[in-house]
Amino acid sequence: QVQLVESGGGLVQPGGSLRLSCAASGSIFSSYAMSWYRQAPGKQRELVARLSSGGTTNYADSGKGRFTISRDNAKNTVYLQMNSLKPEDTAVYYCNANRAAISRSYWGQGTQVTVSS
């Protein structure tokens, strides 16, 4: 069982920055792909950024050039640096750990990000 705990959300003005953190319960990054998803009110959960176990990153078009996913293996923590935030980035952000080979997927509890003046 993998436990994920997100933190770092909050209220920020348009154009501002936030860094989200996702602490995993163990050293899983060598075998799990780590992703950030978000879900806005009334909308489906959508992928924001993905970091494969091998270190490859992928971003949704909405975050390209503004968001950066990274990890600190020593701290078992994945980050999402978000810059130039827009009101449409407002959502609950979730961390996900996925190991497709064994069909295992784990979610954190989510952290609220609100972009508003």
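Scroll up to find the structure this text is about.
Novice: Would you explain the overall build of the protein chain in this entry?
Specialist: When helices and strands are counted, the protein chain shows zero helices and eleven strands. Mapped from its N terminus to its C terminus, the protein chain presents α and β elements in the order β-β-β-β-β-β-β-β-β-β-β. Scaling as 2.2 N^0.38, a compact globule of 117 residues should have a C-alpha radius of gyration of about 13 Å, and the protein chain matches this with 13 Å. Counting only C-alpha atoms and orienting by the principal axes, one finds that the protein chain spans roughly 40 × 25 × 25 Å. Here the protein chain holds 117 residues, and 41% of them are scored as buried.

Novice: Is there a simple way to think about the pattern of salt bridges in this case?
Specialist: Side chains that differ in sign of charge can pair as their charged atoms come close. Evaluated as defined, the whole model comprises four salt bridges. Between R38 and D89 there is a salt bridge, with its nearest N and O atoms 2.9 Å apart. With R38 in strand β4 (residues 33-39) and D89 in the loop between β8 (77-82) and β9 (91-99), this pair connects stretches of sequence that are 51 residues apart. No difference in accessibility class separates R38 from D89, as the two residues are buried. Measuring nitrogen to oxygen at the nearest pair gives 3.2 Å for the salt bridge that ties K64 to D61. Since its relative accessible area comes to 65%, D61 is described here as exposed. It is possible to trace a salt-bridge network through shared partners that takes in R38, E46, R66 and D89.

Novice: Please explain the sheet that holds strand β7 (residues 67-72) as it appears in this structure.
Specialist: Sheets are built from strands paired through backbone hydrogen bonds, the pairs being either parallel or antiparallel. Pairing in this open sheet of four strands is antiparallel, and the strands run β1-β3-β8-β7 from one edge to the other. Strands at the two margins of the open sheet, each flanked by one partner only, are β1 (4-7) and β7. Adjacent strand axes in the sheet meet at a mean angle of 15 degrees when their direction is disregarded. With six bridges joining them, β7 and β8 adopt antiparallel strand pairing. Residue pairing in the sheet places F67 in a bridge with M82 of β8.

Novice: Which parts of the structure should I look at to understand the side chain of T111?
Specialist: Its place among the elements puts T111 in strand β11 (residues 111-115). A polar contact of 3.2 Å, which involves the side chain of T111, links it to the backbone nitrogen of G9. Leaving out residues up to four positions away in the same chain, T111 has contacts with E6, S7, G8, G9, L20, A91, V92 and Y93.

Novice: Explanation requested: the packing of aromatic side chains in the structure shown.
Specialist: Two numbers describe a pair of aromatic rings. These are the distance of the centres and the angle of the planes. The tally for this structure, following the rule as stated, stands at three aromatic pairs. The interplanar angle of 65 degrees and the centroid separation of 5.0 Å between the aromatic rings of Y37 and W107 together place this pair among those described as edge-to-face. With Y37 in strand β4 and W107 in strand β10 (residues 104-107), the pair connects residues that are 70 residues apart, well separated along the chain. Under the relative-accessibility criterion, Y37 is labelled partly exposed at 22%. Pairing Y94 with W107 gives two aromatic rings, centres 6.4 Å apart and planes at 85 degrees, and the pair type is edge-to-face. Taken as a pair, Y94 in strand β9 and W107 in strand β10 lie far apart in primary sequence, 13 residues in all. Given a relative accessible area of 38%, W107 falls into the partly exposed group. Among the aromatic residues, those joined into a cluster by ring pairs are Y37, Y94 and W107. A cation sits over an aromatic face here: R45 above Y94, 3.7 Å from the ring centre. Taking NZ or CZ as reference, R45 lies 4.6 Å from the ring centre of W107, over its face.

Thresholds, definitions, all that
- Residues numbered from 1 in each chain as written.
- Predicted model: local features only at pLDDT ≥ 70, side-chain atom pairs only at ≥ 80, totals over all residues.
- Heavy atoms only, no water.
- Helix = DSSP H or I, 4+ residues; strand = E, 2+ residues; numbered from the N terminus.
- Rg over C-alpha atoms; globule rule 2.2 N^0.38 Å.
- Buried < 20%, exposed > 50% of the residue type's maximum accessible area, 1.4 Å probe, protein only.
- Salt bridge = Lys/Arg side-chain N within 4 Å of Asp/Glu carboxyl O.
- Pairing = 2+ DSSP bridges.
- Axes fitted to C-alpha atoms, helices over the stretch in contact; angles between N-to-C directions.
- Polar contact = N/O pair within 3.5 Å; in protein donor to acceptor, adjacent residues only side chain to side chain.
- Contact = heavy atoms within 4.5 Å.
- Phe/Tyr/Trp six-rings, centres within 6.5 Å; stacked < 30°, edge-to-face > 60°.
- Lys NZ or Arg CZ within 6 Å of the ring centre and 35° of its normal.

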